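An overview of the molecular structure
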Amino acid sequence: MSARSLLAALPRASASSSRRCLNPRNVLPSTSAYLRPVSTRLSSRRAYSQQPDPKDPKLNPIHQTSSGERDRAAIGVFTPTAAALFVLTGTALFFYFRNEKEKLQEQRRKEREDSVVGRPQVGGPFTLTTHKGEPFTEKDLLGKWSLIYFGFTNCPDICPEELDKMSDAVDKLDAEYGPIVQPIFISVDPARDTVPQISRYVAEFHPRLVGLTGDYATLKATCKAYRVYFSTPPDAKPGDDYLVDHSIFFYFMDPEGRFVDAFGKASTVADVTERVKKEIARWERENGRKV
């Protein structure tokens, strides 16, 4: 082909190429391919915007429950149900602690009973006469601790020694507790130990010492109740000269008139006071008082 022919064909080829580029069939497919993703994104946005709000209380029961709890918290926790539970709990605690207190008291009562197991049955009812001429019974022992000694006024040495020991112990206890321990002297020689004789005798010892006497039968029954041995002749006369053999110890009794312990010649003043103090402390723990 000549150069002139090529030059003549070049415009026609350019025109034909331009027409193909401007042909809608060649443009639209490409434009549709571009526009489809945009349409899809718009549809996705519309679909997302139409989804329910998870915070909507009508559509989310969990959120609704949380909101209800906040409302109740705003009102307060002392609802009728809470008040009923509070009353029931308080009542249950009251009965629980009362039951525990009763158990503790019962345990202490049993401990007291156990502590007297094996003790001799010492003491009993009696009616004697004091050194002032007044009646005195076992009921007059109640409400105080008692130290009781059995002897006779004509005793040369043992009775005075034991009464001195008992008086010294009472003085020491009086200094610490006050007059809560009562010293008592009971004669085993009714023939010679008259009321005036007993009155002169007890004045030589402790100022609160109570002297007791009576007839032979009454004193014999009293000594038997307290397990005291004595050898006074039943037909002795006031002017007779005789010695009396008898038990040499004094008894320690509690405020209810029950036997606690006995102290013989070997016991010292310290032994007596320490034993009495120990028993007073135990009594106070169990009863809330010293007598």
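Presented here is an overview of the structure given in this document. Residue numbers run consecutively from 1 along every chain, following the written order of its sequence. In keeping with the predicted nature of the model, local features appear solely for residues at pLDDT of at least 70, side-chain atom pairs appear and are counted solely at 80 or more, and the whole-chain, interface and lining totals rest on all residues. To get the side-chain values, take all heavy atoms of the structure and skip hydrogens and water.

1. Here's the deal with the packing of helix H5 (residues 158-177) against helix H8 (residues 269-287)
Two elements in contact, H5 and H8, have axes whose closest approach is 9 Å; the angle formed by their N-to-C orientations is 40°. Put simply, H5 runs oblique to H8. Here the hand of the crossing between H5 and H8 comes out right-handed. Two secondary-structure elements touch here, H5 through Lys165, Asp168, Ala169, Lys172, Leu173, Glu176 and Tyr177 and H8 through Val269, Val272, Thr273, Val276, Lys277 and Ile280. Each residue is assigned to one class: nonpolar for Ala, Val, Leu, Ile, Met, Phe, Trp, Tyr, Cys and Pro, charged for Asp, Glu, Lys and Arg, and polar for all the others, Gly among them. Of the residues assigned to the contact of H5 with H8, the class counts are seven nonpolar, one polar and five charged. Only the stretch in contact is used when a helix axis is fitted, and all axes are lines through C-alpha atoms; the angle between N-to-C directions ranges over 0 to 180 degrees. Numbering of helices and strands runs from the N terminus, with a helix taken as a DSSP run of H or I at least four residues long and a strand as a DSSP run of E at least two residues long. With respect to orientation, any angle under 35 degrees is reported as roughly parallel, any angle over 145 as roughly antiparallel, any angle of 65 to 115 as roughly perpendicular, and every other angle as oblique. The hand of a helix crossing depends on one turn: near helix anticlockwise from the far one by less than a right angle means left-handed, and clockwise means right-handed. Contacts between residues were defined by any pair of non-hydrogen atoms, one from each residue, lying within 4.5 Å.

2. Examining the packing of aromatic side chains
Each pair of aromatic rings taken from Phe, Tyr and Trp, with Trp reduced to its six-membered ring, is defined by centres within 6.5 Å and is described as stacked if the planes are under 30 degrees apart, edge-to-face if over 60, and tilted in the remaining cases. Tallying each qualifying case throughout the model produces 16 aromatic pairs. Relative to Phe95, the ring of Phe94 lies with its centre 5.3 Å away and its plane at 75°, an arrangement referred to as edge-to-face. Given a relative accessible area of 42%, Phe95 falls into the partly exposed group. Pairing Phe250 with Phe263 gives two aromatic rings, centres 5.6 Å apart and planes at 45°, and the pair type is tilted. With a gap of 13 residues between them, Phe250 in strand S6 (residues 249-253) and Phe263 in strand S7 (residues 259-264) connect regions that are remote in the sequence. To sort residues, take the accessible area from a 1.4 Å probe on protein chains only and compare it with the maximum for the residue type: under 20% means buried, over 50% means exposed, and anything in between is partly exposed. Taking relative accessible area as the criterion, Phe250 reaches 0% and is therefore assigned buried. By relative accessible area, which is 4% here, Phe263 ends up buried. Among the aromatic residues, those joined into a ring-pair cluster are Phe126, Phe136, Phe150, Tyr226, Phe249, Tyr251 and Phe259. In our convention, an over-ring charge means Lys NZ or Arg CZ found within 6 Å of a ring centre and within 35 degrees of that ring's normal. Taking NZ or CZ as reference, Arg192 lies 3.6 Å from the ring centre of Tyr242, over its face.

3. Considering the nonpolar core
We call a set of buried Ala, Val, Leu, Ile, Met, Phe, Trp, Tyr and Cys residues a nonpolar core when their side-chain atoms join them within 4.5 Å. In terms of nonpolar packing, the biggest core is built from 52 residues, with Leu147, Phe150 and Tyr226 touching the most fellow members. Residue contributions to this core peak at six residues, all from H5. Filtering out sequence-adjacent residues up to four positions away, Phe150 remains in contact with Ile186, Val188, Thr222, Cys223, Tyr226, Val228, His246, Ser247, Phe249 and Tyr251.

4. Looking at the environment of Thr222
With respect to the element layout, Thr222 can be found in helix H7 (residues 216-225). Each C-alpha atom, one on Thr222 and one on Pro125, is 7.7 Å from the other, the two residues being 97 residues apart in sequence.

5. Describing the sheet that holds strand S4 (residues 181-187)
The seven strands are arranged S2-S1-S5-S4-S3-S6-S7 in an open sheet whose pairing can be described as mixed. For this open sheet the edge positions go to strand S2 (135-137) and S7, each flanked by a neighbour on one side alone. The sheet shows a mean angle of 30° between the axes of neighbouring strands, taken without regard to direction. At least two DSSP bridges between two strands are required for those strands to pair. By the bridge criterion, three bridges tie strand S1 (residues 127-130) to S2 in an arrangement that is antiparallel.

6. A look at unusual backbone geometry
Of note, Arg227 is a non-glycine position whose phi angle comes to about 55°, a positive value. Relative accessible area serves as the criterion here: at 51%, Arg227 is assigned to the exposed category.

7. Thoughts on the pattern of salt bridges
The salt bridge criterion pairs a side-chain nitrogen of Lys or Arg with a carboxyl oxygen of Asp or Glu, the two atoms within 4 Å. All chains considered together, the criterion is met by 13 salt bridges. Linking Lys165 and Glu162 is a salt bridge whose minimum nitrogen-to-oxygen distance equals 3.2 Å. Taken together, the residues Lys165 and Glu162, both in helix H5 and three residues apart, mark about one turn of the helix. Between Asp261 and Arg275 there is a salt bridge, and its shortest N-O distance comes to 3.0 Å. Of this pair, Asp261 sits in strand S7 while Arg275 sits in helix H8, and the two are 14 residues apart along the sequence.

8. Examining the environment of Tyr216
With respect to the element layout, Tyr216 can be found in helix H7. With relative accessibility at 24%, the residue Tyr216 sits in the partly exposed group. Taking the C-alpha atoms as reference points, Tyr216 and Asp189, 27 residues apart in sequence, are found 7.9 Å from one another. Excluding anything up to four places from it in sequence, Tyr216 contacts Pro190, Phe230, Thr232, Pro233 and Pro234. The term polar contact refers here to a pair of N or O atoms within 3.5 Å; inside protein, the definition further demands a hydrogen-donor-capable atom paired with an acceptor-capable atom, and it admits residues adjacent in sequence only when both atoms are side-chain atoms. Of the polar contacts made by the side chain of Tyr216, one reaches the backbone oxygen of Thr232; its length is 3.5 Å.

9. Describing H8
Multiplying one less than the number of residues by 1.5 Å gives the expected span of a helix. The end-to-end C-alpha distance of H8 is 27 Å, a good match for the 27 Å that 19 residues give at a rise of 1.5 Å each. For H8, the full list of buried residues reads Val269, Val272, Thr273, Val276, Glu279, Ile280, Arg282, Trp283 and Glu286. Trailing H8 by a residue or two, Gly288 shows a phi angle of about 75°, which is positive.

10. A word on H7
For H7, the set of buried residues is Leu219, Thr222 and Cys223. Seen from one end, H7 has its buried residues packed into an arc of 100°, which puts them on one side. Of the exposed residues in H7, the ones pointing more than 90 degrees away from its buried face are Ala217 and Lys224. On its buried face, H7 is in contact with S1, strand S3 (145-151), S4 and strand S5 (210-213). Near the N-terminus of H7, the side chain that reaches the backbone nitrogen of Ala217, with its oxygen 3.4 Å away, is that of Asp215. Once H7 finishes, Arg227 follows within two positions and takes phi at roughly 55°, a positive value. As used here, the arc belongs to the directions running from the helix axis to the C-beta atoms.

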